[in-house]
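# Fold and geometry: a report
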Amino acid sequence: MVKRKDASSSDSMAGWNYEGKVVEIENIIARIEAGELDLEQVFEQFSTAVESLRQCESFLQQRQQQANLLIETLTDE
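Overview of the structure. What you are looking at is a predicted structure, and each value in this text was computed from that prediction instead of being measured.

This part takes up the overall build of the protein. Looking only at helices and strands, one finds two helices and zero strands in the protein. Burial analysis of the protein (77 residues in total) assigns 16% to the buried set. Carbon and sulfur atoms make up 54% of the accessible area of the protein, which totals about 6400 Å².

So, in structure tokens, the structure goes:
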């Protein structure tokens, strides 16, 4: 049986780097703002940036949940 990985699993985040994604998003924004891209490329890059933002948001939500759990275990003792 093949185990399916979803976007929220830790395994799918292996090798993923939050700071790297932020730099990638910033570079896309800079290129769009500078007018370096034709219209089709703008839409493609915008789509890529939105997907990267979703990944960053998911990453931060997961880490917030982990922090909340750790805080909860500290206050239970």
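Here we come to the packing of aromatic side chains. With the rule as written, the count across this model stands at three aromatic pairs. Summarising the aromatic geometry, the rings of Tyr18 and Phe59 are spaced 5.5 Å apart at their centres and angled 25° between planes, so their arrangement reads as stacked. Linking Tyr18 in helix 1 (residues 18-34) with Phe59 in helix 2 (residues 39-76), this pair joins segments that are 41 residues apart in sequence. Phe59 sits in the buried class, given a relative accessible area of 18%.

So, about the pattern of salt bridges. Oppositely charged side chains may form a pair once their charged atoms are brought near each other. Evaluation of the coordinates by the stated rule reveals two salt bridges. As a salt-bridge pair, Glu24 and Lys21 come within 3.7 Å of each other at their nearest N and O atoms. A residue pair is termed a helical-turn pair when its members lie 3 or 4 positions apart in one helix, as Glu24 and Lys21 do in helix 1 at three residues. Residue class for Lys21 comes out buried when judged on its relative accessible area of 17%. With its nearest N and O atoms 3.4 Å apart, the salt bridge here joins Glu36 to Arg31.

Examined against the element boundaries, Ser52 turns out to sit in helix 2. Take Ser52: its relative accessible area is 2%, and that puts it in the buried class. One polar contact links Ser52 to Glu24, side chain to side chain, over a distance of 3.4 Å. In contact with Ser52, other than residues within four places in its own chain, are Lys21, Glu24 and Ile25.

Calculation criteria
- Residues numbered from 1 in each chain as written.
- Predicted model: local features only at pLDDT ≥ 70, side-chain atom pairs only at ≥ 80, totals over all residues.
- Heavy atoms only, no water.
- Helix = DSSP H or I, 4+ residues; strand = E, 2+ residues; numbered from the N terminus.
- Buried < 20%, exposed > 50% of the residue type's maximum accessible area, 1.4 Å probe, protein only.
- Areas by Shrake-Rupley, 256 points an atom, 1.4 Å probe, with all protein chains shown as cover.
- Phe/Tyr/Trp six-rings, centres within 6.5 Å; stacked < 30°, edge-to-face > 60°.
- Salt bridge = Lys/Arg side-chain N within 4 Å of Asp/Glu carboxyl O.
- Polar contact = N/O pair within 3.5 Å; in protein donor to acceptor, adjacent residues only side chain to side chain.
- Contact = heavy atoms within 4.5 Å.

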